[in-house]
Protein chains: 2
Amino acid sequence: MLTMEIRITDEKTVHPQAGESLYKTLKDNGIYLIASCGGKGVCGKCRVKVLEGQVRSEATGKLLKKDIEEDVVLACKTFPESDILIEIPEESRLVIGDKIAVSKSRHLTDMLRSVEAGFSPKIRRISLELTPPTIEDNISDLERIKTALQQQGIEHIRFSHGFASSMAKALREAGWRVDLVYTDDFEAVSLRPSSHKDSFGLAVDIGTTTVVVYLVNCSVGTVIDVGGTYNSQMRFGDDVITRIVHATEGGELFELRNAVVSDINDIILPIMEKNNISAEDVESAVISGNTTMSQLFWGLDPLSIREEPYIPTLNAFPVWKAGTARIKINSQAPVYTLPCVGSYVGGDIVAGVLASRMHTKSEIALFMDIGTNGEIAIGNDEWLITAACSMGPCFEGSGIRHGMRATEGAIESVKIDPTTYEPFLGIIGNTTPHGICGSGMIDAISELFFSGIIDQRGKLRKDLETDRIRVEDEGPEYILYRGERRDIVLTEADIENVIRAKAALYAGVSVLLKEVGLSLDIVDRVYIAGGFGNYLDIGKAIMIGMLPDLPREKFSFIGNTSIAGAYLCLLSEKMRTEAEEIARKMTYMELSVSRGFMDEYMSALFLPHTDIGLFPTVKEFYKK
Amino acid sequence: MLTMEIRITDEKTVHPQAGESLYKTLKDNGIYLIASCGGKGVCGKCRVKVLEGQVRSEATGKLLKKDIEEDVVLACKTFPESDILIEIPEESRLVIGDKIAVSKSRHLTDMLRSVEAGFSPKIRRISLELTPPTIEDNISDLERIKTALQQQGIEHIRFSHGFASSMAKALREAGWRVDLVYTDDFEAVSLRPSSHKDSFGLAVDIGTTTVVVYLVNCSVGTVIDVGGTYNSQMRFGDDVITRIVHATEGGELFELRNAVVSDINDIILPIMEKNNISAEDVESAVISGNTTMSQLFWGLDPLSIREEPYIPTLNAFPVWKAGTARIKINSQAPVYTLPCVGSYVGGDIVAGVLASRMHTKSEIALFMDIGTNGEIAIGNDEWLITAACSMGPCFEGSGIRHGMRATEGAIESVKIDPTTYEPFLGIIGNTTPHGICGSGMIDAISELFFSGIIDQRGKLRKDLETDRIRVEDEGPEYILYRGERRDIVLTEADIENVIRAKAALYAGVSVLLKEVGLSLDIVDRVYIAGGFGNYLDIGKAIMIGMLPDLPREKFSFIGNTSIAGAYLCLLSEKMRTEAEEIARKMTYMELSVSRGFMDEYMSALFLPHTDIGLFPTVKEFYKK
């Protein structure tokens, strides 16, 4: 038994302790699976496929007959009975402890510290040394707290029913020496023993395709841990429109809400546990998402977003509570939502502009957030204009045969030898690859194009002397990696998806520039945001016509700015005020009613573009 | 079938429509039974006893084997199949449309109107004529509302999640012509079509034994209807201490909370239905109760009320919402709770002082609220002192063999011929009596005492020539009324209960006067409050030693002042401010730690008192 092993395809081998479930063994080895039900075999999320060996499964909750026939099991209720080989589907995975994200967050903390009064979290705390009551001094608990606050010059704090319900016990347990935690708009959150100083918060990025959470120590500003998973609203459709239809016509608003709220809870429960932080100690949260994601998170009917004249219920969200949001942290924790601009430009782009700092500089900047929605902003400290276009989830690893997020095991860079057609891969974590992420796709297509393996329309040439190209039932594909059990490929359909996405983004930028009557030359700086992991090869993104052909030094790749903006707002009142100013200041252009957009889009469905003159450096490269 | 009849013992005869349940027939004839479940046969509350005739019962939910053997049925699932005779237990009854209460409320409305700025309900409304959105004018719904408010000079309104959730639909359904309803502390409550002007509210008196609710038209101030029932927390004990023990040691806090909240809902659902008012249109509520009742209503652990040094969690309650309270009106409706003074002097006595107006006059007044807790206040516009004593629920009709509340069918006055020992009864509603209420008991005992039927200790004489006195298994009793199926009696045990109650009240007054070093002579006015119906015979209450022997013209009987104070606070910000001043100003004396109280109590366990010298007019009367 001691030598029993669990191998994970193309990944690693772990060893179970006696009697422990597959879920537990994987978790103890840093491989997290989603388990909303906490490992009770009920939610049906921790699916893995057993390829070899014997297991005993005690529950099959929510598994279909088809799953069972294919040896899919629930890891939380499955126990290995021999050496086994398993495959973990991407959608079962919870990515926790992403080192790239944690390291990238450091410059944000430094930036905050460098801004005057930059560090001022949503919640504050004040120490109260209360005299215990006696028969003579028998005022109520709440009056005792209020009197102590008045002595320190604090009045008009609001006390919710939830706070009052736990007050008597908290005071007595702490021996009347407590800290009152309250929000910057004077609502009591909780009473903590005075000895207990650290306060935590969540920065949450709700993307259409992925959900990412930072667990932050708000007392000092450090990101303690990061977790991410796919947005399980995806089962209701890939884009926001399909989901709105589902919420309104399908009457599934509450299912959509529950899906994303449960994703957030699925992420935070294991990271709180891993870092030994109780849910009660997480006392604030900030949410960043596009308008539809923000409304769905709060359970607000998105119907009017979709129907002309495309009106959101609210752009500036009041601060509501974690209990109302149903996030499993302190129920009284204030939840700040990044303000939205319009129906299709939301808090995520406001967060992005905020994190880029373009709104504080006189130079004209172009900001692009590459996600399932491509979101674009142009402007400077005087004006800002913005638009959004639908790119589909391909750069987030969805809708692509072997797509995955930019986490350990993802192919993030590709180089192809133009003579042998053999690829050289860069893998996140320098491990065996188990999929390809957004930056890997851009690299791969750029290389396939310039080595002549695909044509301007993205079609694979079948006449080349290489066994890297093959034609399967689903169509032609290029083999990036030959695996033990399965190869990692990029199919022609995958390439088409990417071309459609890059065309939408490029068309958006063109239309928006035309709208303000500016040419590309006027742009001093281009910020590229998105969940691409370590890097995005700007040159290659230009090569495929995704980004405009501007001098390379004008570009900065700034990562997931939706979560970065949420993090900034979690820690800084100044940043929240700036976010609100950005949202107010931005002019929102509705691309869906723009006549020029479809023409621009059609022209951009080539590599790099129908009009090669727009890409002089690519043209130059081509000549060589 | 047309002639089928349902007779109710000692009450009236009603005729069912074909196929309708007993519950429905009774309701249509103005006899309301409690039915928390809405007539689904589940809650087990609408019990009646079938004495004669055939019925068909479709459900027996929550009935015990014993109940079924005794022909107890659930009225909502029972259908008569012949003429029947039924008995309705007091605890199944919901008293609705109490004419006495409605008529008494009129002078309160007049009083409010006479006070400067007296009429200013908790909620306000403002008309907003919004321009419907277009592609060009596409700000969010909430921004549209905020802009319109700003134009009318109103800023800083808080918008809850509950409000926001229904906003988009409400705006569109009303064609963008809406009234915003908001609280006087600037929290949005609801959006109403502009055509829809009336706004309603609840004044709620949560007594230890009874619960009474006024449904009020807050736009004009009239009491539309009144409903009352027994506080079903009684199944956990008669007094507040037993209930606190149950809540804390028994872990039944939530059951106690649910009991009283469900009583309130049981009352309001039928009265809203009867008056054709939707729950959404009831937009504010005020709660008045003693400290324990107030805390239990809000689900706050009452443990520290009972343990030395007797500390309530809060005396001044923040305004929370109907949704939080779980009262089934508009979930966003603000719920104001009358402020409490200390562990055993609560919002009900603050309401009482407020309704009496003693705090606005220079004359020294003594206020007594006769309920399960006897609550006493002495003072004027400069000072106020208060105390509470436990009287038991006898004056509210509980713990008395044929006790009932002061509603239709209650014996409310008794006169006994001293030669024949025959009684003459006054009945509320001039109908057949089906029980005796508090004022009837005081009358009866006073008359029994002065006609020599009972002695100074309340024992019935068995040697008199009358068949009105008989000795049953449970002890001796006096027959007040000979009924068709049962007699209405006053037992020796009932009389003892009343003597204990009056002794506690009298002792409380004595100790409180001694505490402030005042004699009775200094008292200019005595206000007597309590749920006694039309009247309380002050003279007879003095005769039995319940009230101090002062000139009759000093006394005013002012009815249920707990609900009167709640009503005033529902309609008037000025009254709420006064209530808070009263609560702050009152000195609270804890009788349970007073050495003198027990001595005073023992001396008062006689008719009228051990020291007859304290009751000169009674002594005089005796001589005759």
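All values reported here derive from a predicted model rather than from experimental measurement.

Cut-offs applied
Residues numbered from 1 in each chain as written. Chains lettered and ligands numbered in written order. Predicted model: local features only at pLDDT ≥ 70, side-chain atom pairs only at ≥ 80, totals over all residues. Helix = DSSP H or I, 4+ residues; strand = E, 2+ residues; numbered from the N terminus. Rg over C-alpha atoms; globule rule 2.2 N^0.38 Å. Buried ≥ 20, exposed ≤ 12 C-beta atoms within 10 Å, placed from the backbone. Contact = placed C-beta atoms within 7 Å. Least-squares fit on C-alpha atoms with pLDDT ≥ 70 in both. Nonpolar A, V, L, I, M, F, W, Y, C, P; charged D, E, K, R; others polar. Domains from an automatic or database assignment. Pairing = 2+ DSSP bridges. Axes fitted to C-alpha atoms, helices over the stretch in contact; angles between N-to-C directions. Core = buried A, V, L, I, M, F, W, Y, C linked by C-beta atoms within 7 Å. pLDDT = per-residue confidence, 0-100. Expected span 1.5 Å × (residues − 1). Arc of directions from axis to C-beta. Parallel < 35°, antiparallel > 145°, perpendicular 65-115°, else oblique.

### Regarding the overall build of chain A
No. 1: Within chain A, the secondary structure is distributed over 18 helices and 30 strands.
No. 2: Over its C-alpha trace chain A gives a radius of gyration of 26 Å, about what one expects of a compact globule, namely 25 Å for 624 residues.
No. 3: Reported as C-alpha extents along the three principal axes, the dimensions of chain A are approximately 95 × 70 × 45 Å.
No. 4: Out of the 624 residues in chain A, the part that is buried amounts to 51%.
No. 5: Pairs at least 24 residues apart make up 69% of the contacts formed inside chain A by residues separated by at least 6 positions.

### As for the relation of the copies chain A and chain B
No. 1: It takes a turn of 180° to lay chain A on chain B, together with a shift of 0.1 Å along the axis; the resulting RMSD is 0.1 Å. When the rotation and shift are considered jointly, the pair of chain copies conforms to a two-fold rotation axis. Closest to the rotation axis within chain A is the C-alpha of T324(A), separated from it by 5.8 Å.
No. 2: Of the interface residues in chain A, 100% have counterparts in chain B that sit at the interface too, so the contact is made through matching surfaces.

### Observations concerning the environment of A604(B)
Residue and element names in this part refer to chain B.
No. 1: Structurally, A604 can be placed in the loop between helix 17 (596-603) and helix 18 (616-623).
No. 2: Taking the number of C-beta atoms within 10 Å as the measure of exposure, A604 has 26 and is therefore buried.
No. 3: A604 sits 59 residues away from G545 along the chain, and the two C-alpha atoms are 7.5 Å apart.
No. 4: In this view, A604 contacts A503, Y506, A507, G545 and H609; residues no more than four positions away in its chain are not counted.

### Thoughts on the interface of chain A and chain B
No. 1: Between chain A and chain B, the residue contacts involve 36 residues of the former and 36 residues of the latter.
No. 2: Where the side of chain A that touches chain B is concerned, the elements lending two or more residues are helix 4 (141-151) and helix 5 (161-173) of chain A.
No. 3: Of the residues belonging to the side of chain A that touches chain B, the class tally is 18 nonpolar, 11 polar and 7 charged.

### Quick notes on the domain arrangement of chain A
No. 1: For chain A, the assigned domains are domain 1 (6-88) and domain 2 (123-193).
No. 2: Each of domain 1 of chain A and domain 2 of chain A was reduced to a C-alpha centroid, and the two centroids are 47 Å apart.

### Examining the sheet that holds strand 29 (residues 555-559) of chain A
Residues and elements named next belong to chain A.
No. 1: Across the sheet, which stays open at both edges, the 6 strands sit in the order 29-28-19-20-21-30 with mixed pairing between neighbours. Of all the strands in the sheet, just strand 29 and strand 30 (587-588) have a single pairing partner and so form its edges.
No. 2: The sheet contact formed by strand 19 (residues 365-370) and strand 20 (residues 373-379) spans 6 bridges and is antiparallel. Bridge pairing in strand 20 places M368 opposite I376.
No. 3: Sitting on the sheet, helix 13 (residues 492-515) is in contact with strand 19, strand 20 and strand 21 (384-390), with an inclination near 150° to strand 21.

### Description of the nonpolar core
No. 1: I528(A), A566(A), Y567(A), I528(B), A566(B) and Y567(B) are the most contacted members of the largest nonpolar core, which totals 377 residues.
No. 2: The contacts of A566(B), once residues within four sequence positions are left out, are A203(B), V204(B), D205(B), V286(B), I287(B), S288(B), L338(B) and A351(B).

### What to know about the confidence of the model for chain A
Do not read the predicted coordinates in detail wherever pLDDT is low.
No. 1: On average, residues of chain A score 92 in pLDDT, and 99% of them are at 70 or above.
No. 2: For this predicted complex, the interface confidence comes out at an ipTM of 0.90, alongside a pTM of 0.91.

### Comments concerning helix 16 (residues 573-585) of chain A
Residues and elements named next belong to chain A.
No. 1: Over its 13 residues, helix 16 extends 18 Å from the first C-alpha to the last, a length consistent with the 18 Å expected when each residue adds 1.5 Å.
No. 2: Looking at helix 16, one finds that the buried residues are M575, R576, E578, A579, I582 and A583. Down the axis of helix 16, the smallest arc covering the buried residues is 160°, so these residues share one side.
No. 3: Packing partners of the buried residues in helix 16 comprise strand 18 (334-337), helix 11 (347-356), strand 21 and helix 15 (561-571).

### Notes on unusual backbone geometry
No. 1: Note the cis peptide between E308(A) and P309(A), where omega equals 0°.
No. 2: In this structure, the amide linkage connecting L607(A) to the following residue, P608(A), adopts the cis form with an omega of -10°.
No. 3: Topologically, P608(A) is positioned in the loop between helix 17 (596-603) and helix 18 (616-623).
No. 4: The phi dihedral of Y310(A) falls on the positive side, at around 55°, and the residue is not glycine.
No. 5: With respect to the element layout, Y310(A) can be found in the loop between helix 9 (303-306) and strand 17 (320-321).
No. 6: Unusually for a residue other than glycine, D71(B) sits at a positive phi of about 65°.
No. 7: Taking the number of C-beta atoms within 10 Å as the measure of exposure, D71(B) has 15 and is therefore partly exposed.

### Some points on the sheet that holds strand 6 (residues 72-74) of chain A
All names here are of chain A.
No. 1: On the basis of which strands lie adjacent, the open sheet formed by 5 strands has the order 2-1-8-4-6 and mixed pairing. With one partner strand each, in any of the chains shown, strand 2 (13-14) and strand 6 form the two edges of the open sheet.
No. 2: Relative to strand 6, strand 4 (residues 47-52) runs antiparallel, the two being bridged by 3 bridges. Each bridged residue has a counterpart across the sheet, and for K49 the counterpart in strand 6 is V72.

### What to know about the pairing of strand 12 (residues 188-193) of chain B
All names here are of chain B.
No. 1: Counting buried positions along strand 12 gives 5 out of 6 residues, so the element sits mostly inside the fold.
No. 2: Here strand 11 (residues 177-183) runs beside strand 12; their pairing, made up of 5 bridges, is antiparallel. Counted as the bridge partner of V181 is S190 from strand 12.
No. 3: Count of turn residues in the strand 11/strand 12 antiparallel hairpin: 4 residues, of which F186 carries a positive phi of about 65°.

### Details of the environment of I287(B)
Residues and elements named next belong to chain B.
No. 1: Within the element layout of this structure, I287 appears in strand 16 (residues 282-289).
No. 2: Separated by 10 residues in the primary sequence, I287 and F297 place their C-alpha atoms 9.0 Å from one another.
No. 3: Each residue touching I287, except ones within four places of it in the same chain, is listed here: V204, I206, S294, F297, V335, T337, L338 and A566.

### So, the pairing of strand 27 (residues 488-491) of chain A
All names here are of chain A.
No. 1: Where strand 26 (residues 475-481) meets strand 27, 4 bridges bridge the pair, whose relative direction is antiparallel. Across the sheet, residue I479 finds its bridge partner in strand 27, namely V489.
No. 2: Hairpin connection between strand 26 and strand 27: a loop of 6 residues separates the two successive antiparallel strands.

### Remarks on helix 4 (residues 141-151) of chain B
All names here are of chain B.
No. 1: Listing the buried residues of helix 4 in full gives D141, L142, R144 and I145. The arc enclosing the buried residues of helix 4, seen along the axis, measures out at 160°, which places them on a common side. Along helix 4, the residues that are exposed and aim more than 90 degrees away from the buried face are Q150 and Q151.
No. 2: Elements that come into contact with the buried residues of helix 4 comprise strand 10 (123-129), helix 5 (161-173) and strand 11.
No. 3: Residue G153 follows helix 4 closely and has a positive phi angle near 80°.

### Examining the packing of helix 11 of chain A against helix 15 of chain A
All names here are of chain A.
No. 1: Relative to each other, helix 11 and helix 15 sit at 75°, their axes nearing to 7 Å. Taken together, the axis directions place helix 11 and helix 15 in an arrangement best described as roughly perpendicular. In contact with D348, V350, A351, G352, L354, A355 and S356 of helix 11, helix 15 contributes T561, S562, A564, G565, A566 and L568.

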